[in-house]
Amino acid sequence: MKEQTPVSQRGTGKQAVFAALENSTTHWVRPAEAPGRAAAGDRCAVYLTEKSLNAAGDAFSGADPTPFPLVVCVERRHPDLFTEFIRKTEKRFPIVFYPRDVQEAYDLVLVAQYVSEKAWQPVLCVLDGIMTAEAIQAWRPLPQKAITNWLGNPDDTIPDDDPATAQLLGKKH
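Residues numbered from 1 in each chain as written. Predicted model: local features only at pLDDT ≥ 70, side-chain atom pairs only at ≥ 80, totals over all residues. Heavy atoms only, no water.

### Observations regarding the overall build of the protein
Within the protein, the secondary structure is distributed over eight helices and seven strands. Counting all 173 residues of the protein, 41% fall into the buried class. Surface exposure of the protein reaches about 9,400 Å², of which carbon and sulfur atoms provide 54%. (Helix = DSSP H or I, 4+ residues; strand = E, 2+ residues; numbered from the N terminus. Buried < 20%, exposed > 50% of the residue type's maximum accessible area, 1.4 Å probe, protein only. Areas by Shrake-Rupley, 256 points an atom, 1.4 Å probe, with all protein chains shown as cover.)

And the structure:
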């Protein structure tokens, strides 16, 4: 039976981001636990608002420099707080995406998940507070099967011909 393409939805950029990553079987976690869970092989993500930027900046800047796959979405609202967060974490996030609308937020957060897992690097996805995170626009989600086919299942095993790779990355996706 052919999976039906989901119809267009209306919602905010924040809702689109949550829908995209929930469809990719990503676990939402707190900033302090994210580096450890990501390094342990959990597919996880963090969503930061203005209230959590300060603590998150400390958590990510003090994290072990070992690379790990993680998606961090952050709302850019208060310029001073955001600038301080970027200053603290600039070495932790070598890859940054800036979606310009709600559809791009949905799409780019899935790309961020893919890139973070392939490059074994955390990816920062910055949503402008009013223009993207809170904007209500139509967006078209991908079918669940398409997301799973592209990202894989987090419980899939990774072929490990090299024992060092298996030790570093583990046996899970």
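Once the structure has been displayed, the description carries forward.
### Regarding the nonpolar core
Formed by 24 residues in total, the largest nonpolar core has its most connected members in Val 17, Val 71, Cys 73, Tyr 106, Val 109 and Leu 127. Sorting the residues of this core by element identifies helix H1 (13-23), strand S3 (44-48), strand S4 (70-76), helix H5 (102-119), strand S6 (122-128) and helix H7 (144-151) as the ones contributing at least two each. Ranked by residue count, the leading element in this core is H5, at seven residues. Each residue touching Val 109, except ones within four places of it in the same chain, is listed here: Val 17, Ala 20, Leu 21, Val 71, Cys 73 and Glu 104. Counting 18 residues, the second-largest nonpolar core is a separate cluster that includes Ala 34, Val 74, Phe 82 and Phe 93. (Core = buried A, V, L, I, M, F, W, Y, C linked by side-chain atoms within 4.5 Å. Contact = heavy atoms within 4.5 Å.)

### Describing the packing of aromatic side chains
Enumeration over the complete set of coordinates arrives at six aromatic pairs. A ring pair is formed by Phe 60 and Phe 93, whose centres lie 5.5 Å apart and whose planes are at 75°; its orientation type is edge-to-face. With a gap of 33 residues between them, Phe 60 in helix H3 (residues 53-61) and Phe 93 in the loop between helix H4 (79-89) and strand S5 (95-97) connect regions that are remote in the sequence. Residue Phe 93 is classed as buried on the basis of its relative accessible area, which comes to 5%. Here a set of aromatic residues connected by ring pairs shows up, and it is made of Phe 18, Trp 28 and Tyr 47. (Phe/Tyr/Trp six-rings, centres within 6.5 Å; stacked < 30°, edge-to-face > 60°.)

### A closer look at the packing of H1 against H5
Look at H1 against H5: their axes get within 8 Å of each other, and the N-to-C directions meet at 35°. Seen from above, H1 lies across H5 with right-handed handedness. Here Gly 13, Ala 16, Val 17, Ala 19, Ala 20, Leu 21 and Asn 23 of H1 come into contact with H5, specifically with Val 102, Ala 105, Tyr 106, Val 109, Leu 110 and Gln 113. Among the residues making up the contact of H1 with H5, the classes are represented as 10 nonpolar, three polar and no charged. (Axes fitted to C-alpha atoms, helices over the stretch in contact; angles between N-to-C directions. Left-handed = near helix turned anticlockwise from the far one by under 90°. Nonpolar A, V, L, I, M, F, W, Y, C, P; charged D, E, K, R; others polar.)

### Concerning H1
For H1, the full list of buried residues reads Gly 13, Ala 16, Val 17, Ala 20 and Leu 21. Around the axis of H1, the buried residues are gathered within 120° of arc, so they sit on the same side. Immediately downstream of H1, the backbone of Thr 25 shows phi near 55°, a positive value. (Arc of directions from axis to C-beta.)

### With respect to the environment of Ala 38
One can find Ala 38 in helix H2 (residues 34-39). Note: C-alpha distance between Ala 38 and Pro 67 (29 residues apart in sequence) is 9.4 Å. With residues near it in sequence (within four places) discarded, Ala 38 still touches Cys 44, Phe 68, Pro 69 and Leu 70.

### Looking at the pairing of S6
Among the seven residues that make up S6, six are buried, leaving the element largely enclosed by the rest of the structure. Where S4 and S6 come together, seven bridges link them in parallel fashion. Following the sheet pairing, Cys 73 is matched in S6 by Cys 125. Here three bridges tie S5 to S6, and the two strands are oriented parallel to one another. Opposite Ile 95, over in S6, you have Val 123 as the bridge partner. One crossover worth recording links S5 to the parallel S6 by way of H5, and it is right-handed. (Pairing = 2+ DSSP bridges. Right-handed = clockwise from strand over helix to strand, strands pointing away.)

### Remarks on the side chain of Thr 12
With respect to the secondary-structure elements, Thr 12 resides in strand S1 (residues 9-12). Among the residues examined, Thr 12 registers a relative accessible area of 16% and is labelled buried. Among all residues touching Thr 12, those that are not within four sequence positions of it are Val 102, Thr 132, Ala 133, Glu 134, Ala 135, Ile 136 and Trp 139.

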